[in-house]
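In case you want the letters, here they are:
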Amino acid sequence: MIDIGVNLTNDRFERDLPSVIERSQQVGVAGLIITGTNLEESQKAVSLANQWSGYCYSTAGVHPHDAKSITDLSFPELRVLAKNACVVAIGECGLDFNRDFSPRDQQEAVFEAQLALAVDLQLPVFLHCRDAHDRFLSILKPYQDRLVGAVLHCFTGTKEELLACLEVGLHIGVTGWICDERRGQTLRDIVRFIPDDKLMIETDSPYLLPRDLRPKPKSSRNEPCYLPHIAQVIAECREQSADTVIENSRRVSDAFFSLNQ
């Protein structure tokens, strides 16, 4: 299985990152895709991916929270980073109208510029959308036919939003949000509507520690080694075997990110 979204540049991994990666390998996680969230963190993600070449890969992009930091929408720094063989997608990019850490018009401009960059570089996009579904799709749709691929990571929306995303061809990333019997109930109910060839799995470490892990970890930090647990919960909600979910999502992730080419 591939963990398509891990924030290994987060300072919560500074002291024991080699052990974190070793634990993920021990439970059968076959690869990690490290998320780039701004120019600095994208550079760090590339450095880490190169350090664990062949096991770790990275994205390069600007999260909507950091859109306010961008002054050059031609993204010369991202273009340089994307030349690294370990960079498998542009992002994390998109819209976040929940926290509005960046002005919405700036979020939209930076999102659209990254879609154009992904088309130009022929890389897939790793997407973020929170409380911005309609505007998100309106910006995305003109680029969809020219993108080589697009995955909406950490999906937490409604059934109607899920079906709309699938209709325009998006892949869907599912995290430990589904393990939360309070906030994740809607996702538990609708995850079965995601086709096998559109589903990918992720931890979004160090965030979103699965609430139903037993025994409960001493730390609130999520890790890639918990991905098998997330896959098991997804499988139960989809009425599939865990092996089926793991095998299908691995195949989809390999193809989407061109990991074995």
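Attention here is on the structure that accompanies the text. For clarity, every value in this text was computed on a predicted model and none was experimentally measured.

### Observations regarding the side chain of Ser 249
As for its placement among the helices and strands, Ser 249 is situated in helix 9 (residues 242–256). For Ser 249, the side chain forms a polar contact with the main-chain oxygen of Val 245, separated by 2.8 Å. For Ser 249, the contacting residues outside a window of four places in its chain are Leu 199, Met 200 and Ile 201.

### Examining the sheet that holds strand 8 (residues 199–201)
Strand order in the open sheet made by the 8 strands is 1-2-3-4-5-6-7-8, with parallel pairing throughout. Strands with a single pairing partner mark the edges of an open sheet, and in this sheet they are strand 1 (2–6) and strand 8. The sheet shows a mean angle of 30° between the axes of neighbouring strands, taken without regard to direction. As defined by bridge partners, strand 2 (residues 31–34) adjoins strand 3 (residues 56–60) across 3 bridges and the pair is classed as parallel. Note that in strand 3 the partner of Ile 33 across the bridge is Tyr 57.

### Brief notes about the side chain of Ser 42
Here Ser 42 is to be found in helix 2 (residues 39–51). Given a relative accessible area of 0%, Ser 42 falls into the buried group. Setting aside residues no more than four positions away along its own chain, Ser 42 makes contact with Gly 36, Thr 37, Thr 59, Ala 60, Gly 61, Leu 78 and Leu 81.

### Considerations on the pattern of salt bridges
A complete count under the given rule lists 15 salt bridges for this structure. Residue Glu 223 pairs with Arg 23 through a salt bridge whose shortest N-O separation is 2.9 Å. Of the two residues, Glu 223 is situated in the loop between strand 8 and helix 8 (227–238) and Arg 23 in helix 1 (residues 17–26); the sequence distance between them amounts to 200 residues. We classify Glu 223 as buried; its relative accessible area is 7%. For Arg 211, the salt bridge identified is with Asp 180, shortest N-O distance 3.5 Å. Placement of Arg 211 in the loop between strand 8 and helix 8 and of Asp 180 in the loop between strand 7 (171–174) and helix 7 (185–190) is noted, with a sequence separation of 31 residues between them. One network of salt bridges, with partners in common, ties together Asp 180, Glu 181, Arg 182, Arg 183 and Arg 211.

### A look at the packing of aromatic side chains
Counted according to the given criterion, the structure contains 2 aromatic pairs. Relative to Phe 136, the ring of Phe 111 lies with its centre 5.5 Å away and its plane at 5°, an arrangement referred to as stacked. One end of the pair, Phe 111, is in helix 4 (residues 104–121); the other, Phe 136, is in helix 5 (residues 133–144), and 25 residues separate them in sequence. Between Phe 256 and Phe 257, the aromatic rings sit 4.7 Å apart at their centres with planes inclined by 75°, giving edge-to-face as the arrangement. Of the two residues, Phe 256 and Phe 257, both sit in the buried class.

### With respect to the environment of Pro 124
Position of Pro 124 relative to the elements: it lies in the loop between helix 4 and strand 5 (125–130). Along the chain, Pro 124 and Gly 91 lie 33 residues apart, while their C-alpha atoms are 8.8 Å from each other. With sequence-adjacent residues up to four places away left out, Pro 124 is seen in contact with Val 88, Ala 89, Ile 90, Val 148, Gly 149 and Phe 256.

### Observations concerning the state of the cysteines
Taken as a whole and judged by the stated rule, the model has 0 disulfides. Residue Cys 56 stays outside any disulfide, its sulfur separated by 9.5 Å from that of Cys 86, the closest cysteine. Between Cys 179, a cysteine without a disulfide, and Cys 237, which holds the nearest cysteine sulfur, the sulfur-to-sulfur distance is 8.2 Å.

### Regarding helix 5
Over its 12 residues, helix 5 runs 15 Å from end to end, which matches the ideal 16 Å to within 8%, given 1.5 Å per residue. His 133, Phe 136, Leu 137, Ile 139, Leu 140, Tyr 143 and Gln 144 are the residues of helix 5 that are buried. Where helix 5 is buried, its residues touch strand 4 (87–96), helix 4, strand 5, strand 6 (150–152) and helix 6 (159–167).

### A short note on the pairing of strand 4
Judged by how many residues are buried, strand 4 sits mostly within the fold: 10 of 10 residues are covered. Strand direction decides the pairing type here: strand 3 and strand 4, joined by 3 bridges, are parallel. Residue Thr 59 lies in a different strand from strand 4, and its bridge partner there is Ala 89. Examined bridge by bridge, strand 4 and strand 5 share 6 bridges and lie parallel to one another.

Parameters and conventions
Residues numbered from 1 in each chain as written. Predicted model: local features only at pLDDT ≥ 70, side-chain atom pairs only at ≥ 80, totals over all residues. Heavy atoms only, no water. Helix = DSSP H or I, 4+ residues; strand = E, 2+ residues; numbered from the N terminus. Polar contact = N/O pair within 3.5 Å; in protein donor to acceptor, adjacent residues only side chain to side chain. Contact = heavy atoms within 4.5 Å. Pairing = 2+ DSSP bridges. Axes fitted to C-alpha atoms, helices over the stretch in contact; angles between N-to-C directions. Buried < 20%, exposed > 50% of the residue type's maximum accessible area, 1.4 Å probe, protein only. Salt bridge = Lys/Arg side-chain N within 4 Å of Asp/Glu carboxyl O. Phe/Tyr/Trp six-rings, centres within 6.5 Å; stacked < 30°, edge-to-face > 60°. Disulfide = S-S within 2.5 Å. Expected span 1.5 Å × (residues − 1).

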